[in-house]
Amino acid sequence: MHPLPTTATNHHPPEDFPSSPREVAEEVLGKAQAPWPIWRAALTALALLFILGVIGFLLKVAQGTNHTAWGYYASVVGFLYTTA
């Protein structure tokens, strides 16, 4: 049975771990805040699409047209309820 590998036998450089609580906090916050601009853009785009959908639905309701053509809207709302 082979002994457990160590840094001396495998010639790997020692890992540089943060040594102070401040360095740990900076590293964690840096990783947590890095993807935020991408998420903000995605969230803004989805919010705009949601608002456009609500406006379109309200315009459809305000028209007062024949409600037999509401199959598409009913199926989309049903799909959203079943997948949410």
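The shown structure was predicted, so the numbers you read here are calculated from the model rather than taken from an experiment.

Novice: Help me understand the overall build of the chain in this model?
Specialist: When helices and strands are counted, the chain shows 4 helices and 0 strands. Shown N-terminal to C-terminal, the secondary structure of the chain runs as helices and strands in the order α-α-α-α. The 84 residues of the chain split such that 2% are buried.

Novice: For this particular structure, what's the right way to read the pattern of salt bridges?
Specialist: Pairing is possible between side chains that carry opposite charge, provided their charged atoms lie close to one another. According to the stated counting rule, one finds 1 salt bridge in the structure shown. One salt bridge connects Arg22 with Glu26, and the closest N-O pair in it is separated by 3.3 Å. One end of the pair, Arg22, and the other, Glu26, are both in helix H2 (residues 21–33), 4 residues apart, so they sit about a helical turn from each other. On the basis of relative accessibility, which here comes to 62%, the residue Arg22 falls in the exposed class.

Novice: Quick question: what am I supposed to make of the packing of aromatic side chains here?
Specialist: Each aromatic ring pair is specified by the distance between its two centres and by the angle formed by the two planes. Across all of its chains, the model carries 4 aromatic pairs by this definition. Centroid distance Phe57 to Trp70: 5.6 Å. Interplanar angle 80°. Geometry classified as edge-to-face. Taken together, the residues span a long stretch of sequence, with Phe57 in helix H3 (residues 36–63) and Trp70 in the loop between H3 and helix H4 (71–83) at a distance of 13 residues. Of the residues examined, Phe57 reaches a relative accessible area of 36% and is grouped as partly exposed. Overall, Trp70 belongs to the buried group, its relative accessible area being 17%.

Novice: In this structure, what is going on with the confidence of the model for the chain? I would like to understand it.
Specialist: Do not read the fine detail of predicted coordinates wherever pLDDT is low. For the chain, per-residue confidence averages 78 on the pLDDT scale, and 79% of positions sit at 70 or higher. Of all secondary-structure elements in the chain, the lowest mean pLDDT belongs to helix H1 (residues 7–10), at 56, while H3 reaches the highest, 88.

Novice: Looking at this model, I keep getting lost on the side chain of Lys60. Mind explaining?
Specialist: With respect to the helices and strands, Lys60 occurs in helix H3. The charged side chain of Lys60 is buried without a salt bridge, its nearest counter-charge being Glu27 at 54 Å.

Scoring rules and cut-offs
Residues numbered from 1 in each chain as written. Predicted model: local features only at pLDDT ≥ 70, side-chain atom pairs only at ≥ 80, totals over all residues. Heavy atoms only, no water. Helix = DSSP H or I, 4+ residues; strand = E, 2+ residues; numbered from the N terminus. Buried < 20%, exposed > 50% of the residue type's maximum accessible area, 1.4 Å probe, protein only. Salt bridge = Lys/Arg side-chain N within 4 Å of Asp/Glu carboxyl O. Phe/Tyr/Trp six-rings, centres within 6.5 Å; stacked < 30°, edge-to-face > 60°. pLDDT = per-residue confidence, 0-100. Lys, Arg positive; Asp, Glu negative; His and termini not counted.

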